[in-house]
Each structure stands twice: as C-alpha cells, then as structure tokens.
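# A structural walkthrough
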Amino acid sequence: MRRPYAIIAAFASTASGFATVPRRHAAKPLQHPLRAAPAEADATETPEPTLRELASFAGPAVVLWISGPLLTLIDTSAVGLASGAKDSALEIAALGPGGSVCDGATYFYTFLNIATTNFLASETEPEKREQVVARGATLALRNGVLALIWLRLIAGPFLAVFIGGQASGALEVQKRAATYVRVRALGAPFLLLGNALTAALLGAKDSAAPLIALAASAGASRRVANADPRVLHPGSR
C-alpha cells in the first residue's frame, strides 16, 4: 500500500530538482533581427531637433512646395506681355488648361520623389546613399522621357475633350493650349530629374540648396522669356 506514495514522492523530488535548475542554462528567447535591444536603441538615439532647426528646414521646404504655381505665374505674365491686345486673352485662356495638364503630369510622378526621400533617409552607409541618389536620378530621367513622349501625343486629343466646345474661340484655345503643352513637355526629363534630386537633398536634411537652385532657374526662365517669348511660346504673336 505504501508503493504508490513512494512513486509519487520520487516524481515530486525529480520535479523539484528540475525547478531548481539555474536560469543561466535556460534558452534565451528569440528576438526579431530588425528590433534592436533597448540599450542599443538608447545608444543610437538622435537628439530631438530644436525649434530653430525645424524652422530653418521647414521654411525653404514650404517655398519649394508652392514654387510650381509661382513659376506658372511667370509664364502667364510673359505670355500676357508678349501677346498683342487681340491675342492676349486667348493666350492667357490657353494657359489655364495647358498648365493643368502639365502640373497634373508632374503630380503623377510624385512617387519617385517620395521613394527617393524614404530610401535615402533609411540608409546610413555613404555608398548605399549614393546608390539611392543615382538610382532615383536614373528613374526620373527615364520617366521624364516617357512623359515627354506621351504628353506631346495626347496634348491635342485630351485638350479637345478637356476644354470642349466646337466654336471658333474654343478651337483656337484648344490649339494654343496644345502648343503650350508640347513646348513645356520638352522640359519634362529635366523637371523630374530636378524633383528627384530635390527629394534626395530633403532626405539629407538640406532644404536650402534646392531653394537656391530653384531661384536661379526661375531667374533664368524669366530672362529668356523677356528676351524672346516666342522661343518658349510659339503661339504668341
């Protein structure tokens, strides 16, 4: 009758022996390779930016975002001043839909800028950062050439649907708007390349350099338009 109790006591002593095994022999729990330990996270943690640093970065970045409409105003003023009293209204009317088509095509390729900024910000090695910038610039140039081709191909048919109307005035606006789109499409590769490089500089926390380049390009565009607006706007007379 005492044997069952002896067996239970033996199992209990064996279990207590396993319970007293030192914890250093226990297997360590597996950790995700991308999750850093708390000590490592504290060691690599970057200091929070000050209000002055945020303002110095956000100020030029905001100007970059609103530069598109400002540059369109330069085109509008140049065309309005170059055109005669008879054609001025038609030229300015054509800039509205023509500019909308060109700006919409630019916004379509915004994913290139977002990808360049995100990939550059996530890389820490200088060689890989240079590879990200080179890849983003290459993709921007290739897509810019494609944008040049399809913008020039669809300018006439798309604007005919976009503007509508079969009156003589509407047809003239369609014609001049299509001319504006075809001329502006020639700069699509350079525009997308500049946007990709601007995104790379923003990913490197530099918003002053692209603003200086933008101001220089806007000044050059203004001087060329003042010198001979027909070079940029063949529809003006």
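All values reported here derive from a predicted model rather than from experimental measurement.

## Some details on the overall build of the protein
Across its full length, the protein carries 11 helices and zero strands. Listing every helix and strand of the protein by position from the N terminus yields α-α-α-α-α-α-α-α-α-α-α. Counting over 237 residues, the protein shows a buried share of 26%. The contacts of the protein with a sequence gap of at least 6 include a subset with a gap of at least 24, amounting to 76%. With the model as given, the accessible surface of the protein reaches about 16,200 Å², and the carbon-plus-sulfur share is 66%.

## Details of the confidence of the model for the protein
In low-pLDDT regions, the fine details of the predicted coordinates are not to be read closely. Looking at the protein as a whole, the pLDDT averages 76, with 72% of positions reaching at least 70. Predicted confidence is poor over residues 14-21, with pLDDT under 50, and the contacts of this stretch with residues over four places away or in other chains come to zero contacts. Scored below 50 in pLDDT, residues 23-27 shows zero contacts in the model against residues more than four places distant or in partner chains.

## Focus on the side chain of Ser207
One can find Ser207 in the loop between α9 (188-203) and α10 (208-227). The exposure class assigned to Ser207 is buried, which follows from its relative accessible area of 4%. Only 3.0 Å separates the side chain of Ser207 from the backbone oxygen of Phe57, close enough to count as a polar contact. Here Ser207 is in contact with Ser56, Phe57, Pro60, Ala61, Leu64 and Leu202, once residues within four sequence places are set aside.

## Comments concerning the environment of Ser88
Note on placement: Ser88 falls in helix α5 (residues 88-108). Of the residues examined, Ser88 reaches a relative accessible area of 17% and is grouped as buried.

## Digging into α9
Between its first and last C-alpha atoms α9 spans 22 Å; for 16 residues at 1.5 Å apiece the expected length is 22 Å, and the two agree. Listed in full, the buried residues belonging to α9 are Ala188, Pro189, Leu192, Ala196, Ala199, Ala200 and Gly203. Looking straight down α9, one finds its buried side chains confined to an arc of 115°; they lie on one side. Where α9 terminates, the next one or two residues include Lys205, which has phi positive at roughly 65°.

## Topic: the packing of aromatic side chains
Tallying each qualifying case throughout the model produces three aromatic pairs. With a centroid separation of 5.1 Å and 85° between ring planes, the pair formed by Phe108 and Tyr109 is classed as edge-to-face. Exposure remark for Phe108: the relative accessible area of 56% places this residue in the exposed category. Tyr109 gets classed as buried once you look at its relative accessible area, which sits at 6%. By the ring-pair criterion, three or more aromatic residues cluster together here, those being Phe108, Tyr109 and Phe111.

## Structural notes on the environment of Thr179
Mapping Thr179 onto the fold places it in helix α8 (residues 168-185). The exposure class assigned to Thr179 is partly exposed, which follows from its relative accessible area of 23%. Thr179 sits 23 residues away from Gly156 along the chain, and the two C-alpha atoms are 8.4 Å apart.

## Observations regarding the packing of helix α6 (residues 110-122) against α9
Interhelical geometry of α6 versus α9 gives an angle of 30° and a closest axis separation of 8 Å. For the element pair α6 / α9, the angle class is roughly parallel. With respect to the hand of their crossing, α6 and α9 are arranged in right-handed fashion. Listed contacts from α9 to Asn113, Thr116, Thr117, Leu120 and Ala121 of α6 are Asn195, Ala196, Ala199, Ala200 and Gly203. For the contact of α6 with α9, the residue count by class is five nonpolar, five polar and no charged.

## Let's talk about the pattern of salt bridges
Tallied over the full model, the rule gives three salt bridges. A salt bridge links Glu91 to Arg176; its shortest N-O distance comes to 2.6 Å. One end of the pair, Glu91, is in helix α5; the other, Arg176, is in helix α8, with 85 residues separating them in the sequence. In this structure Glu91 comes out as buried when scored by relative accessible area, which is 6%.

Each value, and the rule that gives it
Each chain carries its own residue numbering, running from 1 in the direction its sequence is written. The model is predicted, so local features are restricted to residues of pLDDT at least 70 and side-chain atom pairs to those at 80 or more, both for listing and for counting; the totals for chains, interfaces and linings are taken over all residues. As a rule here, side-chain values come from all non-hydrogen atoms in the structure, and water together with hydrogens is ignored. Helix and strand definitions follow DSSP, with helices as H or I runs of at least four residues and strands as E runs of at least two, each counted in order from the N terminus. For every residue, the accessible area obtained with a 1.4 Å probe (protein chains only) is divided by the maximum for its type, and the residue is called buried under 20%, exposed over 50%, and partly exposed between those limits. Note on contacts: a residue pair qualifies if any of its non-hydrogen atoms lie within 4.5 Å across the two residues. Throughout, the Shrake-Rupley method with a 1.4 Å probe supplies accessible areas, and for residues the shown protein chains are the sole cover considered. Within a predicted model, pLDDT stands for the predictor's per-residue confidence, ranging from 0 to 100. Side-chain atoms alone can form a polar contact between residues adjacent in sequence; in general such a contact is a pair of N or O atoms within 3.5 Å, and within protein one must be able to donate a hydrogen while the other accepts it. Take the residue count of a helix, subtract one, and multiply by 1.5 Å to get its expected span. Taking the helix axis as origin, the arc is that swept by the directions to the C-beta atoms. For Phe, Tyr and Trp, where Trp contributes only its six-membered ring, two rings pair if their centres lie within 6.5 Å, and the inter-plane angle classes them as stacked under 30 degrees, edge-to-face over 60, or tilted in between. Axes, fitted as lines to C-alpha atoms, cover a helix only where it is in contact. Angles between the N-to-C directions of the axes lie from 0 to 180 degrees. When describing relative orientation, an angle under 35 degrees is termed roughly parallel and one over 145 degrees roughly antiparallel, while 65 to 115 degrees is termed roughly perpendicular and anything else oblique. Note: crossing handedness is left-handed where the near helix turns anticlockwise from the far helix by less than a right angle, and right-handed where it turns clockwise. Each residue receives one of three labels: charged for Asp, Glu, Lys and Arg, nonpolar for Ala, Val, Leu, Ile, Met, Phe, Trp, Tyr, Cys and Pro, and polar for the others, Gly being one of them. Here, a salt bridge means any Lys or Arg side-chain nitrogen found within 4 Å of an Asp or Glu carboxyl oxygen.

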